[in-house]
Structures are given as structure tokens and as C-alpha cells.
Amino acid sequence: AAPTGESSDEAAIKFPFPFTPYNVQQRLMTQIFQVMDQSDDRRRADPEAPACVGIFESPTGTGKSLSILCSSLHWLLNSYPTKRRRSLE
């Protein structure tokens, strides 16, 4: 079961974070990952479609920079190559 305050989707993604992320960091990383994934799916279905945009807000000192880096790199190194291989098959 997902920890309190997290959906099962948020708990399912294991990001390369240097320590156990706080709930706010896990939620932010999951949402960033999902926007990147949805945007990629949309562009693959229709190359002329506009990319998805995510606007995120989090209080000072909540680890936004590290969360952005970890979620973006995780998507780029794991999800993107998998989708790319499938589209070439």
C-alpha cells in the first residue's frame, strides 16, 4: 500500500534520489515525470501536437531543484528509450 498522502502511482515510481524523498518531493517528481511522459505520447501520436506544459509550485526549501533533476533524468534514461524502441519495432 502507498504511504499516507500518496497514490499508488506515486509510490510505484522509484526515482534515483540520494536519500528517501519526502512526500512533497515524491509527488513533485511523479507529476513532472507524468507531464513529460504525456507530452511524449501526445507528440508521438501527432508530431504537430503542442507539447504538454507543467506549472509546478512548492515552498522554499522543499528540494525542487533536486526533484526536477531526478525526475527528468529518470524519464530521459528509462522511459524515453523504452518508448523509442517500441516505436521503431
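Computed from a prediction, not measured in an experiment: that's the story for all the values here.

Draft legend 1. Quick look at the overall build of the chain. Across its full length, the chain carries 3 helices and 0 strands. Its helices and strands taken in sequence order, the chain reads α-α-α from the N to the C terminus. Expressed as a percentage of contacts within the chain between residues at least 6 apart in sequence, the contacts between residues at least 24 apart total 56%. Accessible surface computed for the chain: about 6100 Å², of which carbon and sulfur atoms make up 56%.

Draft legend 2. Fine view of the packing of aromatic side chains. According to the stated counting rule, one finds 2 aromatic pairs in the structure shown. Ring centres of Phe15 and Phe33 lie 6.0 Å apart, and the angle between their planes is 75°; this geometry places the pair in the edge-to-face category. Taken together, the positions of Phe15 in the loop between α1 (8–12) and α2 (23–45) and Phe33 in helix α2 put the pair 18 residues apart, joining distant regions of the chain. Given the relative accessible area of 11%, Phe15 is considered buried. Judged by its relative accessible area of 11%, Phe33 falls in the buried class. Here Phe17 and Phe19 contribute two aromatic rings whose centre-to-centre distance is 4.9 Å and whose plane-to-plane angle is 70°, an arrangement assigned as edge-to-face. According to the relative accessible area criterion, Phe17 is buried, its value standing at 11%.

Draft legend 3. Expanded view of a nonpolar patch on the surface. Where nonpolar side chains cluster on the molecular surface, the patch consists of Leu69, Leu73, Leu76 and Leu77 and spans about 400 Å² of accessible area. By the secondary structure assignment, Leu77 is in helix α3 (residues 64–88). Judged by its relative accessible area of 62%, Leu77 falls in the exposed class.

Draft legend 4. Molecular detail of the pattern of salt bridges. Counted by the stated rule, this structure contains 1 salt bridge. Asp40 is paired through a salt bridge with Arg44; the nearest N and O atoms lie 2.9 Å apart. Of this pair, Asp40 and Arg44 are both found in helix α2, 4 residues apart, which corresponds to roughly one turn of the helix. In this structure Arg44 comes out as partly exposed when scored by relative accessible area, which is 31%.

Draft legend 5. Looking closely at the nonpolar core. Within the largest apolar cluster, 7 residues are counted, these being Ile13, Phe15, Phe17, Met29, Phe33, Cys70 and Trp75. Those elements giving two or more residues to this core turn out to be α2 and α3. If we ignore the near neighbours within four places in the chain, the residues touching Phe33 are Ile13, Phe15, Ser71, His74, Trp75 and Ser79.

The rules we used
Residues numbered from 1 in each chain as written. Predicted model: local features only at pLDDT ≥ 70, side-chain atom pairs only at ≥ 80, totals over all residues. Heavy atoms only, no water. Helix = DSSP H or I, 4+ residues; strand = E, 2+ residues; numbered from the N terminus. Contact = heavy atoms within 4.5 Å. Areas by Shrake-Rupley, 256 points an atom, 1.4 Å probe, with all protein chains shown as cover. Phe/Tyr/Trp six-rings, centres within 6.5 Å; stacked < 30°, edge-to-face > 60°. Buried < 20%, exposed > 50% of the residue type's maximum accessible area, 1.4 Å probe, protein only. Patch = residues over 30% accessible without salt bridge, like charges linked within 9 Å, V, L, I, M, F, W, Y side chains within 5 Å. Salt bridge = Lys/Arg side-chain N within 4 Å of Asp/Glu carboxyl O. Core = buried A, V, L, I, M, F, W, Y, C linked by side-chain atoms within 4.5 Å.

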